[in-house]
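Per-entry structural report
Here's the letter readout for the chains.
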Amino acid sequence: MAPKLPALGMHSLIVSLPDFDLPDLVPACEVLWQEGIRVWTVSVDRIDNLPELLRLFGRRAKLGVHGVMEPEQVRSAATAGALFAACDFLRPQLVDATPELPVILGGMTPTELLAGLDAGAAAVQLVPSDAFGSSLARSLPRLLPPDCLIANGRMEPYQGDLWKEHGALGVWPQDLVTTDLVLAESLDGLRVKLQKWRLGE
C-alpha cells in the first residue's frame, strides 16, 4: 500500500515556494500560514532550504519537494525532512526510492494517471491542467479512484473550486506566489491574492 499523502488542509491547496533565499522567503511563508495555506513545496534545486524552513514552520506547515526526477533526489528530499515528493511526469521508479515517503506522480491522460497509481504513487497530478478546458474538471475525477487527483497548472480560484467540487483531492495553482509579490515593499498584495484562494469558504 502506498504511504499516505499529508492532508492538504481546509483549502485543499499545495503551493510551490519560489526559489528565493530564506530572508526573502520566510516573511512570505508567514503570510501563507496566516491565510490558512499550509502545504508548501520547495524545488529540488532548493532542498538546502528545507531544514531551516522545517525548523521555523515544521509544527505549523507541511513541506514537500517538487521537481524530482531521479530516485536519488527523492532520497535527498526524505533525508532533508520532506513529507512528500512530487514529479511532473510518470516515473514509477521514484516510488520505491524511499518507500516510506509519499510520492506524487504526474500525467496528462487518464491512462497515465492510473498507471501512476498502479505504480504506488500516493496521489497523481494532472500536469498541466490548464492545457484542458473546464469540462475535464467535471469528468476526470470520476474516472479515477476517489481522493487521488491533484490539478496542477495555471488557474483562477473559480477553476480550483470547480476541480474540488467534482472530486479532486486538491489543486496546485502555479505562479501563485510570484517574484513581484514576494519582493514588493509590502506583502499586502500577496495577502490579498491568497485570500482569493481560500477555497471552500
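In this numbering scheme, every chain counts its residues from 1 along its sequence in written order. Only residues with pLDDT of at least 70 are given local features in this predicted model, and only at 80 or more are side-chain atom pairs given and counted; all residues enter the totals for whole chains, interfaces and linings. Each side-chain value is derived from all of the structure's non-hydrogen atoms; neither hydrogens nor water enter the calculation.

**Some remarks on the sheet that holds strand β7 (residues 149–153)**
Two strands qualify as a pair provided that DSSP identifies no fewer than 2 bridges between them. Secondary structure is summarised from DSSP: a helix means a run of H or I of at least four residues, a strand means a run of E of at least two, and numbering begins at the N terminus for each. Strand order in the open sheet made by the eight strands is β1-β2-β3-β4-β5-β6-β7-β8, with parallel pairing throughout. Only two strands of the sheet have a single partner each, and these edge strands are β1 (15–16) and β8 (170–173). With two bridges joining them, β1 and strand β2 (residues 39–43) adopt parallel strand pairing. Looking at β2, one finds that S16 is bridged to T41. Whether two residues touch is decided by their heavy atoms; if any such pair falls within 4.5 Å, the residues are in contact. Simply put, an axis is a line fit to the C-alpha atoms, just over the touching stretch for a helix, and the angle between two N-to-C directions goes from 0 to 180 degrees. Strands β2 and β3 (62–66) of the sheet are contacted by helix α2 (residues 50–57), whose axis makes an angle of about 160° with β3.

**Some words on the packing of helix α1 (residues 22–34) against helix α8 (residues 188–195)**
The angle between the axes and the distance between the axes are what describe a pair of packed helices. With their axes 10 Å apart at the nearest point, α1 and α8 run at an angle of 30° to one another. For the pair α1 and α8, the sense of crossing is right-handed. Facing A28, V31, L32 and Q34 of α1, the residues of α8 in contact are L190, R191 and L194. For this classification, the nonpolar set comprises Ala, Val, Leu, Ile, Met, Phe, Trp, Tyr, Cys and Pro, the charged set comprises Asp, Glu, Lys and Arg, and every other residue, Gly included, is treated as polar. A per-class count over the contact of α1 with α8 returns five nonpolar, one polar and one charged. In this scheme, a crossing is called left-handed if the near helix is turned counterclockwise away from the far one by less than a right angle; it is called right-handed if the turn is clockwise.

**Details of the pattern of salt bridges**
Salt bridges are defined as contacts in which a side-chain nitrogen from Lys or Arg sits within 4 Å of a carboxyl oxygen from Asp or Glu. Going through the model one piece at a time under the given rule, you end up with eight salt bridges. In this structure, the salt-bridge partner of E30 is R60, at a minimum N-O distance of 3.3 Å. Taken together, the residues span a long stretch of sequence, with E30 in helix α1 and R60 in the loop between α2 and β3 at a distance of 30 residues. To sort residues, take the accessible area from a 1.4 Å probe on protein chains only and compare it with the maximum for the residue type: under 20% means buried, over 50% means exposed, and anything in between is partly exposed. Taking the relative accessible area as the measure of exposure, E30 reaches 26% and is therefore partly exposed. The class for R60 is partly exposed, based on a relative accessible area of 30%. Each of E35, R191 and R198 takes part in one network of salt bridges that share partners.

**Describing the nonpolar core**
Counting 59 residues, the largest nonpolar core has L17, W40, L53, V65 and W163 as its most contacted members. In this view, W40 contacts V15, L17, C29, L32, W33, F57, A61, K62, L63, G64 and F84; residues no more than four positions away in its chain are not counted. For this analysis, a nonpolar core means a set of buried residues of the types Ala, Val, Leu, Ile, Met, Phe, Trp, Tyr and Cys, connected via side-chain atoms within 4.5 Å. Counting residues in each nonpolar core, the second largest holds eleven residues, with V39, F84, A86 and W172 among its members.

**Looking at the environment of M155**
By secondary structure assignment, the location of M155 is in the loop between β7 and α6 (157–165). Setting aside its immediate chain neighbours within four residues, M155 contacts S129, G160, V171, W172, P173 and W197.

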